[in-house]
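# Commentary on secondary and tertiary structure
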Amino acid sequence: MDPLQVEEAPRRAPKKVSSIRKWGPAMIAIALVIVINAAMFGTQGAPDLSQRAQRKLQLTKERIAQVEAMEAKDNFDVREGFGSRNLSEADGGVMEYTRRRHRYLGDYTHVDKSGDFSMFGKISTSVIYFAFWVFLMFPNWFWPIGRPGIALGGGITMVVWRFILRQTGHGPYFNAEHVIIMEPLFLLFGLMLTTIYIEKMEVGGLFDKLRDSLDDPVNWKRSGKIMFMSTIGSAAVMNDSVVLIFSGVVVDLCVRHKVANSLPYLLSLATTANIGSALTMTGNPQNILIVSLAYDDIGWVEFVKNMFLPVLAASLINAGMMFIYYGSELFPGSSGFTENLGIMFAGNRTPEMLAQEHAYYARQAANKDGEEIVQHGWSIWSKIQLVVTLCFLIFFALGYDVCVVSITAGCVLMCIAAYKRQHYDPKPENIQYDEDGNPLPPKKTYDMDGNEIEPEEEELVTESETTLTEVDYGLLMLFIGQFLLIGSFDDTGVPQAFFNFTMGGCADQMTEGACVYWFVMIVTLLSNIASNVPVVQMLAATFPFASPYEWLQVSYSATIAGNLTMLGSAANMIVAFQAAKVGDRTFTSERHFPFGIPSTLISLYVGTFLLATWHFSPECSVKLGECEE
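- The name given to the protein chain in an unreviewed UniProt entry is Citrate transporter-like domain-containing protein, and the organism recorded there is Entomoneis paludosa.
- Looking at the Subcellular location (unreviewed entry) heading of the UniProt record, one finds this comment for the protein chain: "Cell membrane".

What follows is the structure in structure tokens.
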């Protein structure tokens with residue numbers, strides 16, 4: 001027997017998971033949420049307005065009245081934003097800043113058109129939205145069109161229906177161009193371009209080194225490495241960019257190790273990307289929007305200090321639930337939770353795990369001679385990739401426009417790859433061979449006079465014919481369709497009405513006492529129904545003078561909400577789309593729900609408690625004058 005061949009332990013037939021085992025944790029988590037809120041509010045409902053809440057309402061009314069009484073000025077373009085929070089007295093001070101922001105929120109971020117709809121218009125638009133929401137959530141239940149086709153079809157349907165409503169007098173004009181937010185589309189295109197060239201430029205390059213850094217023969221350690229990398233990467237850069245880069249890496253690792261179920265590893269990537277992005281103000285789009293729309297300043301260090309404990313707790317909860325819920329996949333051969341603890345902390349191994357390790361190291365030994373230079377050598381092209389990637393991260397951290405930075409990085413890598421292909425890569429051979437494998441002489445051609453015709457030089461292969469065709473344009477179509485659906489639904493005022501109705505007496509004291517737990521639950525539900533960015537825009541216009549602490553609670557709940565359902569965050573959609581592109585269709589809504597619900601709800605309430613108990617940002621608005629007493 002070849003010493004490098006290791007006999008693998010016989011695989012056990014996969015057991016069918018019972019409904020109780022599958023949905024039990026989700027049902028328990030939902031029951032706990034109901035019990036907690038019932039115990040907090042009891043039979044008395046929302047508490048009466050505190051003196052602080054009453055004072056804030058009075059100050060808000062006075063400030064809005066002062067702003068509306070100010071003279072209009074022509075030297076301010078609303079399209080350029082509302083400028084600095086710290087305007088000098090010569091420029092108008094806090095009142096001029098407030099006027100600019102008031103106009104910005106009223107004219108650009110959120111326009112209330114709900115009064116222009118008839119009841120028929122509101123109901124019909126909402127029905128179309130929820131119908132396509134279900135189609136997107138469960139695409140395999142209907143026609144095999146795929147999520148991009150469903151979203152684009154829904155967007156076009158909404159545009160047509162809104163035109164019909166306008167012509168019949170049941171609804172206002174639908175500014176479709178306005179609701180398509182271009183920045184995420186530019187960012188996604190730039191990130192996809194950068195990712196493709198990092199992956200395709202060179203075998204054994206930066207992409208392969210990233211994959212090898214996450215590789216491990218032990219399943220639970222491999223999942224742990226993915227979660228750690230995803231958490232730190234999302235906090236440092238942005239969750240969408242991390243999942244775009246590493247979705248293919250995770251799928252490739254699953255193929256390399258021949259895992260029967262790749263769902264735990266894809267969930268490890270997606271869920272921790274959302275959790276980690278809550279740590280910093282640049283971790284996700286809604287955090288960036290919150291910091292820009294907040295009335296008071298929220299600094300980068302201040303943001304991290306407040307979010308550190310909630311994010312740490314959510315990361316530990318998510319990792320613990322991952323190891324428990326998918327114990328059979330991550331700890332093959334283990335008898336249960338107790339043995340899993342021994343494997344993690346005492347270094348124990350099951351026969352199945354030993355067989356996997358032996359097979360892994362045997363493959364490494366067999367391929368060592370042929371792949372050592374490719375895997376471990378840093379060629380000039382790998383170094384260039386590393387420099388471009390580091391420059392991308394540095395410019396991003398310095399606050400430069402992420403769309404411009406990502407597209408520029410992709411274009412630089414594209415030019416380098418084209419130069420490398422033209423001058424350094426081996427040319428494709430066009431030599432023909434006979435039946436015995438001997439090369440045949442090239443065929444000669446002659447003109448009418450018997451003169452030999454010199455062969456023409458082969459045309460260069462361009463990037464448009466090769467790498468650029470691998471950009472996922474379908475993913476861009478998916479987001480465009482969703483923007484159209486969500487934008488039209490927000491116009492109806494249904495999400496705002498739902499928020500005001502469900503919040504009740506807590507609407508004017510969102511983060512005081514027991515109200516904060518109900519508030520984060522409503523934000524979580526709205527973030528999964530109408531998307532988190534529109535919810536943040538709605539809250540900014542509805543509560544223009546929210547305090548930094550209130551915005552931090554919104555940020556945490558809207559971000560953690562991304563793990564509740566498949567459509568809860570763009571990161572989930574990117575992971576599912578990227579995995580399906582290479583044939584892995586395990587990451588679906590039906591399989592996401594049983595784990596996403598308990599992990600999200602427990603992380604949400606524990607993190608909210610920690611943030612409410614230990615926070616460093618003021619619970620009042622300094623610029624509004626609320627903190628003076």
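### Examining the state of the cysteines
- For the structure on display, the rule yields two disulfides.
- What pairs with C506 in a disulfide is C515, and their sulfur atoms sit 2.1 Å apart. On the sign convention where negative means left-handed, the S-S torsion of about -70° between C506 and C515 marks this disulfide as left-handed.
- The class for C506 is buried, based on a relative accessible area of 1%.
- A relative accessible area of 0% means that C515 is categorised as buried.
- Disulfide pairing places C620 opposite C627 at an S-S distance of 1.9 Å. Between C620 and C627 the sulfur-sulfur dihedral comes to about 115°; the bridge is accordingly right-handed.

### Some remarks on the nonpolar core
- Among the nonpolar cores identified, the biggest contains 149 residues, and F499, F519, L539, W551 and F587 are the most heavily contacted of them.
- When residues of this core are assigned to their parent elements, the largest contribution, 11 residues, is made by helix 13 (residues 300-325).
- Not counting residues up to four positions away in its chain, the partners in contact with W551 are I290, A294, Y295, I298, V536, L539, A540 and A546.
- L59, Y97, Y295 and F545 belong to the second-largest nonpolar core, a separate cluster that totals six residues.

### Regarding a nonpolar patch on the surface
- Together, W378, L386, L390, L393, I394, F395, L398 and Y400 give the surface a local cluster of nonpolar side chains, amounting to about 770 Å² of exposed area.
- For L393, the location among the structural elements is in helix 17 (residues 380-397).

### Remarks on unusual backbone geometry
- In this model, K258 sits at a positive phi of 55°, which is unusual for a non-glycine residue.
- For K258, the position within the fold is in the loop between helix 10 (239-256) and helix 11 (263-277).

### Section: the side chain of S126
- In this fold, S126 is placed in helix 4 (residues 119-137).
- Among the polar contacts listed, one links the side chain of S126 to the backbone oxygen of K122, at a separation of 2.8 Å.
- If sequence neighbours within four positions are ignored, S126 has contacts with F489, T492 and V494.

Quick notes on the rules
- Residues numbered from 1 in each chain as written.
- Predicted model: local features only at pLDDT ≥ 70, side-chain atom pairs only at ≥ 80, totals over all residues.
- Heavy atoms only, no water.
- UniProt positions renumbered as here; feature names shortened; annotations may be inferred.
- Disulfide = S-S within 2.5 Å.
- Buried < 20%, exposed > 50% of the residue type's maximum accessible area, 1.4 Å probe, protein only.
- Core = buried A, V, L, I, M, F, W, Y, C linked by side-chain atoms within 4.5 Å.
- Helix = DSSP H or I, 4+ residues; strand = E, 2+ residues; numbered from the N terminus.
- Contact = heavy atoms within 4.5 Å.
- Patch = residues over 30% accessible without salt bridge, like charges linked within 9 Å, V, L, I, M, F, W, Y side chains within 5 Å.
- Areas by Shrake-Rupley, 256 points an atom, 1.4 Å probe, with all protein chains shown as cover.
- Salt bridge = Lys/Arg side-chain N within 4 Å of Asp/Glu carboxyl O.
- Polar contact = N/O pair within 3.5 Å; in protein donor to acceptor, adjacent residues only side chain to side chain.

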